[in-house]
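Breakdown of the fold
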Amino acid sequence: MIGVFCTNVQETLCTGERVTTMHNTNAPSNPLPESDHEKILALLQELEFAEAIVNTIPDALLVLDTELRVQSANDSFYELFQVNPEATHGHLLYDLGNGQWNIPALRTLLEDVLPENNVFTGSEIEHEFEQIGRRVMLLNGRRLDHKQLILLIITDITEAKRAEATLNQVEVRYRTLFDSIEEAFCVIEMLFDESGQAVDYRFLETNPAFENQTGLQNAVGKRMRELEPRHEEEWFQTYGRIALTGQPERFSLVAHYLDNRWYDVYAFRIGQPEERRIAILFNDISERRQAEESLQRSEESYRLLVESAQEYAIFMLTLEGKIATWNSGAKRIFGYSEDEAIGLSGRAIFTEEDRAAGIPEAEMETALREGKANDDRWQLRKDGSRFWANGMTHVLRYADGQVRAFVKILRDNTEKKQAEEALRQLNTTLEERVRLRTQQVRTLARQLTMAEQAERRRISAILHDDLQQRLYVCQYQLKFLRDALDEKQPNEARRTIEGLEAELSGSIQMARSLSVELSPPVLEGEGLREAIAWLGTQMRQQHGLSVVIQAEDDLPGVSDDLRVLLFQVVRELLFNIIKHAGVTEALVTLHRDNHALRIEVIDQGEGFDADTALTKSRYTQGLWRTQRRLELVGGQMKIESSVAGGTRVIIICASPNEALEG
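Let me sum up the structure you'll find in this document. These numbers were taken from a predicted model, which means no experiment stands behind them.

Another point: the overall build of the protein. A tally of helices and strands in the protein yields 20 helices and 20 strands. A burial count over the protein gives 36% of its 662 residues as buried. In the protein, the share of contacts with a sequence separation of at least 24, taken over all contacts with a separation of at least 6, comes to 52%. In the structure as shown, the protein presents an accessible area of about 38,500 Å², 50% of it carried by carbon and sulfur atoms.

Below is the structure:
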């Protein structure tokens, strides 16, 4: 608009100059008066000044005629939309920039709103331009009817809109964070009295966690003394100090009238100092505080317990193996004072040979792997003397499982160790004595068996070599006497002699049988298998008991005394079958059981209660004696029997090659 005025004035001025020139060259008359010429120059200068002002304003300015053709534009328009005057001046607004200004919303403003209202303000239009991209514009327009012109002011608010959007996003994020954090947060305004003392504060803003952690509801806009008049003075003084000094503070404090809650608080001033505003971030740490106090009490109790445990050395080791704590019991046992022990390597209490063998490190590795490690070994005192320690090394861990330290608990058990060693030596001596005595008993048992067998052989020899011979002599003499009697002699004498001959013949047969039974010839030089087989034959011939013998070929060898004993045991068991089982058949097995000899005597006759056989059975005495004799030479006898299921007697000789010395 100003440019249009300037153009008109410039034309008039030019006319005046031309008249003036003509006047100077005797031109025709009617030139402008000199006073009017000066006025026009002054007006021109003012208009040029106004145009300079228009060109310096940041908003784009367009002057349109009633047909919406551009009459004038300021520099801001050309710079903002990157166009030149030649492509702008005199052109229809909608044709500018290849029709880029043909914007429906702009047409509505210029063609509908402006004719109706003569003015529009604050109309926001967003449009995509080829050269400068998407822009957001704020339009203000006014129709100048007396000049038949339209003034259009365009303000580029693109960056402001972007900043506003960014700010909105920041505010959304802030509010989301503000509302979602677990910590309680509030902003307060401190209130002071005339003397500058903090007397109260007003809540300006709170987050959801605030109400949960304080119990104060709808606090915004209210004063603390209004919500809880008894609130402690220390809170007001602390916040007042922060508001005045601007120095942030972190502290822990109890609010007795807010359910005795403890708070961990970080408070700092915000805004201008004169606003006296403080932002407060805090947490309810009541449970943690109670846990800490409980832990403190427990630690104190533990300390007192540890210190009073004079009989035990209790101390902690760092992960590097350095002594970190030292109780009075450790001082008493090891001889180091607490000052001497703290920081000392834990290796110092181990013997030289254990240190060389890496025992201290191995003990810690075991504790790390298994949670604890045995600590029973000789250890060293400060003076170099040794004592026997019984104890454990444990691992201490934090709640998250990380290793904190090692704790070692031990006591001096030297006297107990010495007593155990003395007892062990005594036991060793006693065991040796028992072994020797057992060996002696077994030797005596073998000797007894052999002496018994020798006596049997002696008696058998007497029966065979003496008694039988005497009986034979008597038999021959009776036969001679009988033959010498005259057949005419009375029959009574003959019958008497014949009866004596019969009795004598039975006595000879009995003596012969006793001689064999007392000392079977098969025991002289034959093996156990052959002896048992001979015994089976004797049982069948003399007692009618059919004995089946099952014997392996590779039976372990046995000594003479053991062979005699086993023969006697089997014979005793077979006699028991004859007397009590009520059967005519039996089975005897001989086989190897690892390195032992195993003999089983089995029948299917009337059995008995094996558990009470050795105390209440009618043949208890024989079984008991048999079992004891076997035990004396290191053997065993087991009985498996039931009333209706027969009997199995198992004989095991653990060391047959050594006459059962084991």
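What follows deals with the pairing of strand 19 (residues 635-642). Side chains on a regular strand alternate between the two faces of the sheet. Burial along strand 19 is one-sided: Gly635, Met637, Ile639 and Ser641 are buried, while Gln636, Lys638, Glu640 and Ser642, pointing the other way, are not. Relative to strand 20 (residues 646-653), strand 19 runs antiparallel, the two sharing 8 bridges. Its bridge partner being in strand 20, serine 641 is matched across the sheet by threonine 647. Two successive antiparallel strands, strand 19 and strand 20, enclose a turn made up of 3 residues.

In this section: the packing of aromatic side chains. Taken as a whole, this structure holds 24 aromatic pairs when the rule is applied. Taking 6.0 Å as the distance between ring centres and 75° as the angle between the ring planes, the aromatic pair formed by phenylalanine 77 and tyrosine 78 counts as edge-to-face. Side by side, phenylalanine 77 and tyrosine 78 carry an identical accessibility label, which is buried. Measuring from ring centre to ring centre gives 5.2 Å for phenylalanine 203 and phenylalanine 210, while their planes differ by 65°; the resulting arrangement is edge-to-face. Taken together, Tyr201, Phe203, Phe210, Trp235, Phe236, Tyr239, Phe251, Tyr263 and Phe282 form an aromatic cluster joined through their ring pairs. Against the face of tyrosine 94 rests arginine 107, its NZ or CZ located 4.1 Å from the ring centre. When the ring centre of tryptophan 388 is taken as reference, the NZ or CZ atom of lysine 417 above it lies at 4.0 Å.

So, about the packing of helix 17 (residues 528-543) against helix 18 (residues 560-581). Axis separation between helix 17 and helix 18 bottoms out at 10 Å; the angle between their running directions is 25°. When the axis of helix 17 is compared with that of helix 18, the two are roughly parallel. Considering how the two elements wind past one another, helix 17 and helix 18 form a crossing that is right-handed. Residues Leu528, Ala531, Ile532, Trp534, Leu535, Met539 and His543 of helix 17 form the contact with helix 18, whose own contacting residues are Arg563, Leu566, Phe567, Val570, Arg571, Leu574, Phe575 and Ile578. Here the residues of the contact of helix 17 with helix 18 sort into 12 nonpolar, 1 polar and 2 charged.

Here tryptophan 624 shows up in helix 20 (residues 620-632). A C-alpha to C-alpha distance of 10.0 Å links tryptophan 624 and methionine 637, two positions 13 residues apart in sequence.

Working note: α-helix, 3.6 residues per turn, so residues spaced by three or four point in the same direction. Given a rise of 1.5 Å per residue, 22 residues ought to cover 32 Å, and the 31 Å separating the end C-alpha atoms of helix 18 matches this to within 8%. With respect to burial, helix 18 is a largely interior element, 17 of its 22 residues being buried. In the stretch just after helix 18, glycine 582 is the one whose phi turns positive, near 75°.

This part takes up the sheet that holds strand 17 (residues 585-593). Pairing is mixed in the open sheet, where 5 strands are placed in the order 16-17-18-20-19. Both edges of this open sheet fall to strand 16 (546-551) and strand 19, since each of them pairs with a single strand only. If you compare each strand with its neighbour and ignore which way they point, the axes differ by 15° on average. Against the sheet, helix 17 engages strand 16, strand 17 and strand 18 (596-603), with an angle of about 165° to strand 16.

Its location among the elements puts arginine 142 in strand 4 (residues 133-144). Assessed through its relative accessible area of 46%, arginine 142 is described here as partly exposed. Taking the C-alpha atoms as reference points, arginine 142 and leucine 110, 32 residues apart in sequence, are found 9.5 Å from one another. Apart from the residues lying within four places of it in its own chain, the contact partners of arginine 142 are Leu114, Asn118, Val119, Leu149, Ile150 and Leu151.

Glancing now at the nonpolar core. Core analysis: the biggest nonpolar cluster contains 33 residues, and Leu566, Val570, Leu574, Val588, Ile599 and Ile651 have the highest contact counts within it. Elements with a minimum of two residues in this core: helix 17, helix 18, strand 17, strand 18, helix 20, strand 19 and strand 20. Ignoring sequence-local partners within four residues, the contact set of valine 588 consists of Ile532, Val547, Val548, Ile549, Gln550, Val570, Leu574, Ile599, Glu600 and Val601.

Two side chains of opposite charge can pair, provided their charged atoms sit close to one another. One pass over the structure, following the stated rule, counts 31 salt bridges. One salt bridge connects aspartate 412 with arginine 381, and the closest N-O pair in it is separated by 2.8 Å. With a gap of 31 residues between them, aspartate 412 in strand 15 (residues 403-412) and arginine 381 in the loop between strand 13 (377-380) and strand 14 (386-397) connect regions that are remote in the sequence. Taking the relative accessible area as the measure of exposure, aspartate 412 reaches 28% and is therefore partly exposed.

We now examine the sheet that holds strand 4. If you walk across this open sheet you meet the 5 strands as 2-1-5-4-3, and the pairing is antiparallel. In this open sheet, the two edge strands, each paired with only one partner strand, are strand 2 (70-73) and strand 3 (119-129). The mean angle between the axes of side-by-side strands here comes to 25°, regardless of whether they run parallel or antiparallel. Bridge count for strand 4 against strand 5 (residues 149-156) is 8 bridges, and the pairing is antiparallel. Each residue of the ladder has a partner; that of arginine 143, found in strand 5, is isoleucine 150. Each of strand 1 (60-65), strand 3, strand 4 and strand 5 touches helix 5 (residues 104-117); the most contacted strand, strand 3, lies at about 170° to it.

Let's shift gears to the pairing of strand 5. One ladder, built from 6 bridges, connects strand 1 with strand 5; its direction is antiparallel. Following the sheet pairing, alanine 60 is matched in strand 5 by isoleucine 154. In textbook terms, the turn of a hairpin is the stretch between consecutive antiparallel strands, and for strand 4 and strand 5 this stretch comprises 4 residues, one of which, glutamine 148, has a positive phi near 55°.

Along the chain, valine 119 falls in strand 3. Spatially, the C-alpha atom of valine 119 lies 9.5 Å from that of leucine 151, the residues being 32 residues apart in sequence. Residues in contact with valine 119, not counting those within four places in the same chain, are Val113, Leu114, Gly141 and Arg142.

Calculation notes
- Residues numbered from 1 in each chain as written.
- Predicted model: local features only at pLDDT ≥ 70, side-chain atom pairs only at ≥ 80, totals over all residues.
- Heavy atoms only, no water.
- Helix = DSSP H or I, 4+ residues; strand = E, 2+ residues; numbered from the N terminus.
- Buried < 20%, exposed > 50% of the residue type's maximum accessible area, 1.4 Å probe, protein only.
- Contact = heavy atoms within 4.5 Å.
- Areas by Shrake-Rupley, 256 points an atom, 1.4 Å probe, with all protein chains shown as cover.
- Pairing = 2+ DSSP bridges.
- Phe/Tyr/Trp six-rings, centres within 6.5 Å; stacked < 30°, edge-to-face > 60°.
- Lys NZ or Arg CZ within 6 Å of the ring centre and 35° of its normal.
- Axes fitted to C-alpha atoms, helices over the stretch in contact; angles between N-to-C directions.
- Parallel < 35°, antiparallel > 145°, perpendicular 65-115°, else oblique.
- Left-handed = near helix turned anticlockwise from the far one by under 90°.
- Nonpolar A, V, L, I, M, F, W, Y, C, P; charged D, E, K, R; others polar.
- Expected span 1.5 Å × (residues − 1).
- Core = buried A, V, L, I, M, F, W, Y, C linked by side-chain atoms within 4.5 Å.
- Salt bridge = Lys/Arg side-chain N within 4 Å of Asp/Glu carboxyl O.

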